[in-house]
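Chain residues, written in single-letter form:
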Amino acid sequence: QVQLVESGGGLAQPGGSLRLSCATAGFALDYYAIGWFRQAPGKVREGVSCMSSRDGKAYYEDSVKGRFTISRDDAKSTVYLQMNNLKPEDTAVYYCAKLRYAGGQEMCTVAAAQSWGQGTQVTVSS
């Protein structure tokens with residue numbers, strides 16, 4: 001059974017940092033692409049950052065480029081999202097997902113998701 005469990009969310013001030021973790025089970029991270037998505041109140045779920053399983057290449061949504069970094073630790077079966085210089089507009093529930101594609105821009109879409117975690121709340125406010 002595929003399992004994904006997010007953690008690390010919480011309250012941060014603008015300009016602060018958080019690191020999200022996605023603990024996985026039931027599949028090998030080096031064989032499947034993984035993505036981070038977020039959904040703010042009243043808005044559609046969107047791709048934030050995704051990583052190719054083939055070469056580890058990362059893709060980022062424009063608004064988080066230069067601030068967020070996705071990484072993975074295959075030995076620990078865990079995917080991370082390091083979030084720096086947080087802004088109030090980053091406030092959302094963040095989800096990790098197992099993706100159907102190995103890589104490419106098309107992998108970082110809601111339609112590409114095969115399995116979802118339960119999400120972790122990130123709130124950025126002063």
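Anything mentioned here points back to the structure above.
Everything numeric in this text was worked out from a predicted model, so none of it was measured.

Peer 1: Would you take a moment to explain the state of the cysteines for this structure?
Peer 2: Here a disulfide denotes a covalent bond joining the sulfur atom of one cysteine to the sulfur atom of another. Under the defined criterion, the tally for this structure stands at 2 disulfides. One disulfide in the model links C22 with C96; its S-S distance is 2.0 Å. For the disulfide bridge between C22 and C96, the dihedral angle about the S-S bond is near 60 degrees, and by the sign convention the bridge is right-handed. Linking C22 in strand 3 (residues 18–25) with C96 in strand 9 (residues 92–99), this pair joins segments that are 74 residues apart in sequence. We classify C22 as buried; its relative accessible area is 0%. Across the disulfide, C50 is cross-linked to C108 (sulfur-sulfur distance 2.1 Å). Measuring handedness by torsion sign, the sulfur bridge of C50 and C108 sits at about 80 degrees and is right-handed. Pair noted here: C50 is in strand 5 (residues 46–51) and C108 is in the loop between strand 9 and strand 10 (113–116), with a separation of 58 residues, a long-range link. Considered together, C50 and C108 belong to a single accessibility category, that of buried residues. Taking only the cysteines that form disulfides and numbering them from first to last, the chain has the pattern 1-3, 2-4.

Peer 1: I would appreciate a short explanation of the pairing of strand 5 in the present structure.
Peer 2: Looking down a regular strand, the side chains alternate between one sheet face and the other. Taking burial as the measure, the 6 residues of strand 5 include 5 buried ones, the bulk of the element. Here strand 4 (residues 34–39) pairs with strand 5 via 5 bridges, running antiparallel. Each bridged residue has a counterpart across the sheet, and for F37 the counterpart in strand 5 is G47. Two successive antiparallel strands, strand 4 and strand 5, enclose a turn made up of 6 residues, where G42 displays a positive phi of approximately 75 degrees. In this structure, strand 5 lies alongside strand 6 (residues 58–60), joined through 3 bridges in antiparallel fashion. Bridge pairing in strand 6 places S49 opposite Y60. Hairpin connection, strand 5 to strand 6: the antiparallel pair is bridged by 6 residues, and G56 has positive phi, about 75 degrees.

Peer 1: How do you make sense of the pattern of salt bridges when you look at a structure like this?
Peer 2: Pairing is possible between side chains that carry opposite charge, provided their charged atoms lie close to one another. The final tally for this structure, using the stated rule, is 6 salt bridges. Linking R38 and E46 is a salt bridge whose minimum nitrogen-to-oxygen distance equals 3.0 Å. We classify R38 as buried; its relative accessible area is 7%. For E46, a relative accessible area of 30% puts it in the partly exposed group. Its salt-bridge partner being R54, residue D55 comes within 3.2 Å of it at the nearest N-O pair.

Peer 1: Sorry if this is basic, but what is going on with the sheet that holds strand 7 (residues 68–73) here?
Peer 2: Whenever strands of a sheet pair, they do so through backbone hydrogen bonds, lying parallel or antiparallel. The antiparallel open sheet is built from 4 strands, whose spatial order is 1-3-8-7. Looking at the sheet topology across the chains shown, the edges are occupied by strand 1 (3–7) and strand 7. On average, each strand axis in the sheet is tilted by 15 degrees relative to the strand beside it, whichever way the strands run. Sheet analysis places strand 1 next to strand 3, joined by 5 bridges and oriented antiparallel. Each bridged residue has a counterpart across the sheet, and for Q3 the counterpart in strand 3 is A25.

Procedures and definitions
- The written sequence of each chain sets the order in which its residues are numbered from 1.
- In view of the model being predicted, local features appear only for residues whose pLDDT reaches at least 70, and side-chain atom pairs are presented and counted only at 80 or more, with totals across whole chains, interfaces and linings using the full set of residues.
- Side-chain descriptors were evaluated using all non-hydrogen atoms of the structure, hydrogens and water having been removed beforehand.
- For the purposes of this analysis, a disulfide is any pair of cysteine sulfur atoms at a distance within 2.5 Å.
- Helix and strand assignments come from DSSP, with helices taken as H or I runs of at least 4 residues and strands as E runs of at least 2, each series counted from the N terminus.
- For every residue, the accessible area obtained with a 1.4 Å probe (protein chains only) is divided by the maximum for its type, and the residue is called buried under 20%, exposed over 50%, and partly exposed between those limits.
- What makes two strands pair is DSSP finding at least two bridges between them.
- For salt bridges, the criterion is a side-chain nitrogen of Lys or Arg within 4 Å of an Asp or Glu carboxyl oxygen.
- Note on geometry: axes are lines fitted to C-alpha atoms, helical ones only across the stretch in contact, with angles between N-to-C directions running from 0 to 180 degrees.

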